[in-house]
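# An overview of the molecular structure
Now for the letters of each chain:
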There are 2 protein chains.
Amino acid sequence: MGSPPSNFITTPESLDSKHFNHLNPEDLRTKAHKAVDFIADYYKNIESYPVGSQAQPGYLKNRLPKTPPDTPESLDTILKDVQNDLIPGITHWLSPNFYGYFPASVSSAAFIGEILCTGFNANGFKWVGSPAVTELEMVVMDWLGVMLKLPKSFMFSGSGGGVVHSTTSEAILSTIVAARDRVLNEIGIENIGKLVVYGSDQTHSTYNKACKIAGIHPCNIRSIPTSVKDEFALKPDSLRKVIEADVEEGRVPLFLCVTVGTTSTTAVDPVKDLAEVANKYNIWVHVDGAYGGNACICPEYRPFLDGIEMVDSLSLSPHKWLLCYAECCCLWVKNPNLIVNALGTNPEYLKNEHSESGSVVSYMDWQVGTSRRFRPLRLWFVLRSYGVANLQNHIRSDVQMAITFERLVKSDVRFEIVVPRRFSLVCFRLKQLNGFDSSYTESLNKKLLERVNSTGRVYLTHTVVAGIYMLRFVVGATLTEEGHVIKAWEVIKEMVNTIVNEF
Amino acid sequence: MGSPPSNFITTPESLDSKHFNHLNPEDLRTKAHKAVDFIADYYKNIESYPVGSQAQPGYLKNRLPKTPPDTPESLDTILKDVQNDLIPGITHWLSPNFYGYFPASVSSAAFIGEILCTGFNANGFKWVGSPAVTELEMVVMDWLGVMLKLPKSFMFSGSGGGVVHSTTSEAILSTIVAARDRVLNEIGIENIGKLVVYGSDQTHSTYNKACKIAGIHPCNIRSIPTSVKDEFALKPDSLRKVIEADVEEGRVPLFLCVTVGTTSTTAVDPVKDLAEVANKYNIWVHVDGAYGGNACICPEYRPFLDGIEMVDSLSLSPHKWLLCYAECCCLWVKNPNLIVNALGTNPEYLKNEHSESGSVVSYMDWQVGTSRRFRPLRLWFVLRSYGVANLQNHIRSDVQMAITFERLVKSDVRFEIVVPRRFSLVCFRLKQLNGFDSSYTESLNKKLLERVNSTGRVYLTHTVVAGIYMLRFVVGATLTEEGHVIKAWEVIKEMVNTIVNEF
């Protein structure tokens, strides 16, 4: 901002009548300290709010004006509205009593990283946009690759490389498009309708979406059934049969999504055995470890990635379990050129000597968008602030608390564990009682979930797998301690009692 | 985190030997204050750094270890490395002397909004994930719609609606997929190869990428030539001819991207006249106002959106010119159902009474990914903290400074303005001298750009349009004042003198 027109009206927000400056460093300092205190106090008091928002649809529309203000409002006024109008509409994902979906794991270190990322506002679309943005991302992706004991074929220090995306969806979309174009370059774009992609009926819904976006015909998206017996893992034999049928009918197998830790029940597909089947057909194999992949930094979970050298790409989301705040998804690929061939563009206004010489990575060619923030900063702060050993202990501690909860459930004859626990998710439900049908059991469990969440003291979510409605209890919110887990179980038992009395 | 195993080694970073807590509010408070001071000091001293990073490819790899640390490092250590290792690799987009690409505009208000967005870490994939996230986004999108005088057909208060995306790329991709599926539902998915999309040779490269991702055959992406004579705007007649040829040959016109403020020269395509042509063929018309659209909050620029009621969607990026920090792109659509039909999924584990009843917006069905941050907060803070009148003055002030620069260029006979200025971008170059060919002029201007940027005192970028290499000078960095612009011109003149002496 330069000098304002002379008829400019000064306000309490303009610090100086001569220079209306939206980024005065001292003004920013004062206000940002206030915002930091607001968040620190929010964390301190987070248990005083109902975990799940109790707001009704449309609650906010009626509280806010229909048009923006013409003149400035003070930070204090806005923060008061955040407290009074927004907080009642927030479900507190960071509450220690939040056990829904996959919880969001966060940390002071990532918070600092985010402040710096925002503050620099450096754009890493190409190396030249800010060399540090690109180079730190390369370093951090290799660091995490080392922690996961990935083969050199996925590392910049080897022949591959990695990138930080916002979400798994973008990671999967970019790999599908790379795989698609590799095949279409051979068989001709007019054959796009022949391409078939594979996953299980437990694969995340975003896979389906990404395939559709990429122009894969919806009728060619195979969702192969799994079963309780196999703990909802995709069987290599089932995959082979489906592929064979497609090949026989002249279709072209393209892509397989293998999941390490499915969203419903944290099922783990057998990477090595599935890759063996897929490799015979030259199928691009992607491993989606959005949640479960994070645990593989611990040696005891690393076997879930056995066979990883046989796949083409792997993604996992540190915002789910490595303390990173949303949105942070890491993708490694064996052959970055295939991604760049599919997503690369080279407009004149972004050309520069370094990118033209091919000596640097241009991350805009690895993603859907052009602009990109200083994405690796949060992860770099987390890895350095805690160190590998503490991060492994963090995973183990969450699992340990899930084991505690599992034991409590098992100790109560009214309940059952529906699927064996693998990580920090416990899938459980009120048992089907003799003489009652399954829909009664479902309604009982639904009622229990509603009742538990309406207390505001705990927040859980559900799923339905193989026709079974079950409750999901995932330990993962950063503030959760064992005492919270024990208290959550007390709330659940209390609510069971109120239901049983009613029915 | 719960209690660590008993053999856990305490470190300076663990505040308490019993509870290793990654989110202790007092620890976060202390550290975050330090980070805020780091950024406030960075802004204060930003002019002391070379604007464009002088780093060489690979500079960082050699400064950082190859593996992450096993044990914690202190915040002070990490911040020292940020200062010593990262800052030399950063091109300072927020420097008042940054005039490259489109600058990133930021503000104290957006910084506060981002701290809260990160702090809450609330996930708005569906309304139930955090009602305030969805509802504030709806309110803010309508507010900005009011500021742009959009017809009710684009507003939630009417029959349309808006969404905050990260980048224009995602906005365009989601609308192309919606348009594609609308047409394929009628003509059959096997006809995807017949779909044709339109833009000009000035349309942003991301349009091409988005079309390819969506499975549009690359040979069906029309890049219609523009000319200096028409100031690089797409001519409705040219569009009509290309469409007619496609229709004649049995192809199906699908999508048109109209740009208000192209990246190379801020050319403005005539929205109304182009929409008239496109509407005859039932083509989805998208207006990309990534940069120029922001100016349309001022009545004097609003005519650029005349005819907007005839298009299907509009996007613009407040991170470019409305003080919002990256990444913030607003998309309005007339028929949200078409987006949801194309991108919607409804997995069991995310079902809930409100989304099932259809009474609320599920933003995950408007985008590529599932997770979404509290995206509207930054924009809400900006609109409230400054008010509409000040935001209009902010746009005008940047334009005024560009006019100042334009005058300075015009006053020097060695230079010429290559394309008339529309907003705050000035496209200029050293004139072609009598007796010298155009490649000499190009090399002279290239040399000038290199020389100017290597001073570290100013940062500019270039483009080539209609074969003409030119320098781009965009006023837009928040800290820029008129004095900086005048100083930048001095630097440019100084460098011309050094070159002229050499050649």
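Residues numbered from 1 in each chain as written. Chains lettered and ligands numbered in written order. Predicted model: local features only at pLDDT ≥ 70, side-chain atom pairs only at ≥ 80, totals over all residues. Heavy atoms only, no water.

In this section: the packing of aromatic side chains. All names here are of chain A. Considering all chains together, one arrives at 62 aromatic pairs over all chains under this definition. Centre to centre, the rings of phenylalanine 120 and phenylalanine 374 are 6.2 Å apart; their planes meet at 45°, and the pair counts as tilted. Of the two residues, phenylalanine 120 sits in helix α3 (residues 108-120) while phenylalanine 374 sits in the loop between α12 (353-357) and α13 (376-410), which places them 254 residues apart along the sequence. Across the pair, phenylalanine 374 and phenylalanine 120 agree in class, each one buried. Of the aromatic side chains, those joined through ring pairs into one cluster are Tyr99, Phe405, Phe415, Phe428, Phe473 and Trp489. (Phe/Tyr/Trp six-rings, centres within 6.5 Å; stacked < 30°, edge-to-face > 60°. Helix = DSSP H or I, 4+ residues; strand = E, 2+ residues; numbered from the N terminus. Buried < 20%, exposed > 50% of the residue type's maximum accessible area, 1.4 Å probe, protein only.)

What follows is about the environment of Lys280(A). All names here are of chain A. Inspection of the secondary structure assignment puts lysine 280 in helix α8 (residues 271-280). Among the residues examined, lysine 280 registers a relative accessible area of 64% and is labelled exposed. Measuring from C-alpha to C-alpha, the distance between lysine 280 and arginine 240 comes to 9.8 Å, with 40 residues separating the pair along the chain.

Residue and element names in this part refer to chain A. With respect to the helices and strands, the residue arginine 222 is situated in strand β3 (residues 221-224). Separated by 2.8 Å, the side chain of arginine 222 and the backbone oxygen of cysteine 219 make a polar contact. Aside from chain neighbours lying at most four places away, what touches arginine 222 is Val196, Val197, Tyr198, Gly199, Val242, Asp246 and Arg251. (Polar contact = N/O pair within 3.5 Å; in protein donor to acceptor, adjacent residues only side chain to side chain. Contact = heavy atoms within 4.5 Å.)

Here we come to the domain arrangement of chain A. Residues and elements named next belong to chain A. Looking at the assigned domains, one finds that chain A contains domain 1 (165-343) and domain 2 (384-502). Using only C-alpha atoms to locate each centre, domain 1 and domain 2 end up separated by 29 Å. Counting from both sides, the interface comprises 23 residues of domain 1 and, opposite them, 23 residues of domain 2. Both sides of the domain 1 and domain 2 interface together cover about 2,100 Å² of buried area, and 67% of this is carbon and sulfur. Three residues, Glu231, Trp321 and Leu323, lead the burial of domain 1 against domain 2; their summed loss comes to 28% of the area buried on that side. Applying the counting criterion to the domain 1 and domain 2 interface returns two salt bridges. For the salt bridge of arginine 422 with glutamate 231, the shortest nitrogen-to-oxygen distance reads 3.4 Å. Linking domain 1 with domain 2 are nine residue pairs in polar contact (both at pLDDT 80 or more). A per-class count over the side of domain 1 that touches domain 2 returns 13 nonpolar, eight polar and two charged. (Domains from an automatic or database assignment. Buried area = accessible area lost by both parts, 1.4 Å probe. Salt bridge = Lys/Arg side-chain N within 4 Å of Asp/Glu carboxyl O. Nonpolar A, V, L, I, M, F, W, Y, C, P; charged D, E, K, R; others polar.)

Now for the packing of α3(A) against helix α1 (residues 25-44) of chain B. One way to put it is that α3(A) packs onto α1(B) with a least axis distance of 9 Å and a crossing angle of 15°. Between α3(A) and α1(B), the interaxial angle falls into the category roughly parallel. Judged by the sense of rotation from one axis to the other, the crossing of α3(A) with α1(B) is right-handed. Taken together, the residues of α1(B) that come into contact with α3(A) (itself represented by Ser108(A), Phe111(A), Ile112(A), Ile115(A), Leu116(A), Thr118(A), Gly119(A) and Phe120(A)) are Asp27(B), Leu28(B), Lys31(B), Ala32(B), Ala35(B), Val36(B), Phe38(B), Ile39(B), Tyr42(B) and Tyr43(B). Here the contact of α3(A) with α1(B) is built from residues that sort into 13 nonpolar, three polar and two charged. (Axes fitted to C-alpha atoms, helices over the stretch in contact; angles between N-to-C directions. Parallel < 35°, antiparallel > 145°, perpendicular 65-115°, else oblique. Left-handed = near helix turned anticlockwise from the far one by under 90°.)

Moving on, we get to the sheet that holds strand β1 (residues 161-165) of chain B. All names here are of chain B. What the seven strands build is an open sheet, ordered β1-β7-β6-β5-β4-β2-β3; its pairing is mixed. The open sheet has two edge strands with one neighbour each: β1 and β3 (221-224). Averaged over all pairs of adjacent strands, the angle between their axes in this sheet comes to 20°, without regard to strand direction. As judged from the four bridges shared by strand β6 (residues 313-316) and strand β7 (residues 329-333), these two strands associate in the antiparallel manner. Bridge pairing links leucine 316 to cysteine 330 in β7. (Pairing = 2+ DSSP bridges.)

Next up on the list: the nonpolar core. In terms of nonpolar packing, the biggest core is built from 250 residues, with Phe120(A), Trp380(A), Phe381(A), Phe120(B), Trp380(B) and Phe381(B) touching the most fellow members. Excluding residues within four positions of it along the chain, Trp380(A) makes contact with Leu136(A), Val140(A), Trp143(A), Leu64(B), Ile78(B), Asp81(B), Val82(B) and Leu86(B). Membership of the second largest hydrophobic core comes to 70 residues, among which are Val197(A), Val361(A), Tyr363(A) and Val163(B). (Core = buried A, V, L, I, M, F, W, Y, C linked by side-chain atoms within 4.5 Å.)

What follows covers the pairing of strand β1 (residues 161-165) of chain A. Burial runs high along β1(A): five of the five residues are buried. The alternating pattern of β1(A) places Gly161(A), Val163(A) and His165(A) on one face and Gly162(A) and Val164(A) on the opposite face, and all of these are buried.

Between α3(A) and helix α3 (residues 108-120) of chain B, the least distance of the axes is 10 Å, while the angle of their chain directions is 150°. In terms of their interaxial angle, α3(A) and α3(B) are classed as roughly antiparallel. Helix-helix and strand crossings are classified by hand; for α3(A) and α3(B) the assignment is right-handed. Together, Phe111(A), Glu114(A), Ile115(A), Thr118(A) and Gly119(A) of α3(A) and Phe111(B), Glu114(B), Ile115(B), Thr118(B) and Gly119(B) of α3(B) make up the contact between the two elements. By residue class, the composition of the contact of α3(A) with α3(B) is four nonpolar, four polar and two charged.

With that settled, consider the confidence of the model for chain A. Predicted coordinates in regions of low pLDDT should not be interpreted in detail. The pLDDT averaged across chain A works out to 93; a share of 96% of its residues lies at or above 70. Contacts of residues 1-19 of chain A to residues separated by more than four positions or lying in other chains number 40 contacts, the stretch itself having pLDDT below 50. (pLDDT = per-residue confidence, 0-100.)

Mapped onto the elements, Thr263(B) comes out in the loop between β4 (252-259) and α8 (271-280). The class of Thr263(B) is buried, set by a relative accessible area of 16%. In this structure Thr263(B) touches Tyr349(A), Phe102(B), His204(B) and Arg472(B), once residues within four positions along its chain are discounted.

Okay, the UniProt feature "modified residue: N6-(pyridoxal phosphate)lysine" (unreviewed entry) in chain A next. Within this structure's numbering, the places UniProt gives as "modified residue: N6-(pyridoxal phosphate)lysine" (unreviewed entry) are Lys320(A). Discounting chain neighbours no more than four positions away, the residues touching Lys320(A) are Phe102(A), Pro103(A), Ser105(A), Ala290(A), Tyr291(A) and Asn294(A). (UniProt positions renumbered as here; feature names shortened; annotations may be inferred.)

The next point concerns the relation of the copies chain B and chain A. Least-squares fitting of chain B to chain A yields an RMSD of 0.0 Å, with the transformation described by 0.0 Å of translation along the axis and a rotation of 180°. Put plainly, the chains are arranged around a two-fold axis. When the interface residues of chain B are mapped onto chain A, 100% of them again lie at the interface, so the same face is used by both copies. (Least-squares fit on C-alpha atoms with pLDDT ≥ 70 in both.)

All names here are of chain B. Counted by the stated rule, this structure contains 64 salt bridges over all chains. For the salt bridge of arginine 29 with glutamate 26, the shortest nitrogen-to-oxygen distance reads 2.9 Å. Taken as a pair, arginine 29 and glutamate 26 lie in helix α1 at a separation of three residues, close to a single helical turn. Exposure remark for glutamate 26: the relative accessible area of 36% places this residue in the partly exposed category. Here glutamate 249 makes a salt bridge to arginine 251, at a shortest N to O gap of 3.1 Å. When its relative accessible area of 57% is taken as the criterion, glutamate 249 is described as exposed.

Counting from both sides, the interface comprises 166 residues of chain B and, opposite them, 166 residues of chain A. Both sides together, the interface formed by chain B and chain A hides about 14,400 Å², and carbon and sulfur atoms give 65% of it. On the surface where chain B and chain A come into contact, there are 14 salt bridges. Ionic pairing is found between Arg29(B) and Asp41(A), a salt bridge with its closest N-O pair at 2.7 Å. Where chain B meets chain A, there are 59 residue pairs in polar contact (both at pLDDT 80 or more). Of the residues forming the side of chain B that touches chain A, the biggest block, 18 residues, is contributed by α1(B). A breakdown of the residues in the side of chain B that touches chain A according to their chemical character gives 84 nonpolar, 52 polar and 30 charged.

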